[in-house]
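# Understanding the architecture of this molecule
If you want the building blocks of each chain, they are given just below.
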Amino acid sequence: MLSPIKIIEKKLLSDHWFVLHKYVFDLKRKTGGTVRQMREVYDRGNGATILLYNRARGTVVLTRQFRMPTYLNGNESGMLLEACAGLLDNQSPEQCIRNEAIEETGYTIGKVEKLFEAYMSPGGVTELIHFFAAEYDDLQRENDGGGIEDEDIEVLEIPFIEAMRMVGDGRIRDGKTIMLLQHARIQGWFE
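This write-up is about the structure you can find in this document.

Calculation criteria
Residues numbered from 1 in each chain as written. Predicted model: local features only at pLDDT ≥ 70, side-chain atom pairs only at ≥ 80, totals over all residues. Heavy atoms only, no water. Buried < 20%, exposed > 50% of the residue type's maximum accessible area, 1.4 Å probe, protein only. Helix = DSSP H or I, 4+ residues; strand = E, 2+ residues; numbered from the N terminus. Pairing = 2+ DSSP bridges. Salt bridge = Lys/Arg side-chain N within 4 Å of Asp/Glu carboxyl O. Axes fitted to C-alpha atoms, helices over the stretch in contact; angles between N-to-C directions. Parallel < 35°, antiparallel > 145°, perpendicular 65-115°, else oblique. Left-handed = near helix turned anticlockwise from the far one by under 90°. Contact = heavy atoms within 4.5 Å.

### Considering the pairing of strand 5 (residues 59-66)
Of all eight residues that make up strand 5, six are buried, and the element is covered over most of its length. Counted between consecutive antiparallel strands, the loop separating strand 4 (residues 47-54) from strand 5 contains four residues, among which Gly58 sits at a positive phi close to 70°. Here six bridges tie strand 5 to strand 10 (residues 154-159), and the two strands are oriented antiparallel to one another. Residue pairing for strand 10: Thr59 is matched across the bridge by Pro159.

Spelled out as structure tokens, the structure:
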């Protein structure tokens, strides 16, 4: 299949936290001809996320941490409730999520289930997220979690029913977390 675009220009705009490029390209139209477009594309690498759940107790483990972009977009405290997640950083998605689980939540996870992959903001960000789920219990808790280095992560065990209420009333507004909770609901993990 021939590429639908021809890149005319690629310019580095920022290489600080992640990489931001400006692209000018010609896009072949399905009706014929081309149209020139410009997009700024943020490359932060790919990531993985996991829903830790306990069917017997009817609970999930989520984290709360400060997220500057949400603060700048109207989230007064900047704090966000989320499923455990992290960037791959040259690891396989499964190894990444195992490492993130122990660092962020304190749980060493056993069997993980790969659920799906999704682009979370494909209009401007290259990131592809790998979604996982795993059951947990108290015997798997090795430490208090909380993250590493400059992370300040609070670990929360929440009843699944309450987590779904929190989605409905806006206390949970993280896309990947909502997708994982909805997947659990669809699969009937908590009946």
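So that's the structure; there's more coming.
### Details of the pattern of salt bridges
This structure, assessed with the given rule, holds 14 salt bridges. Here Glu162 and Arg165 are joined by a salt bridge, their closest N and O atoms 2.9 Å apart. With Glu162 and Arg165 both in helix 3 (residues 160-169) and three residues apart, this pair spans about one turn of that helix. Here Glu162 falls in the partly exposed class, since its relative accessible area comes to 22%. Three or more residues are tied together by salt bridges with common partners; here these are Arg67, Glu82, Asp174 and Lys176.

### A closer look at the packing of helix 3 against helix 4 (residues 175-187)
Where helix 3 contacts helix 4, the two axes come as close as 11 Å, and the packing angle between them is 130°. In this view, helix 3 runs oblique relative to helix 4, as classed from their interaxial angle. Along this stretch, helix 3 crosses helix 4, giving a crossing that reads as left-handed. Along its contact with helix 3, which presents Phe160, Ala163, Met164 and Val167, the element helix 4 presents Ile178, Leu181, Gln182, Ala184 and Arg185.

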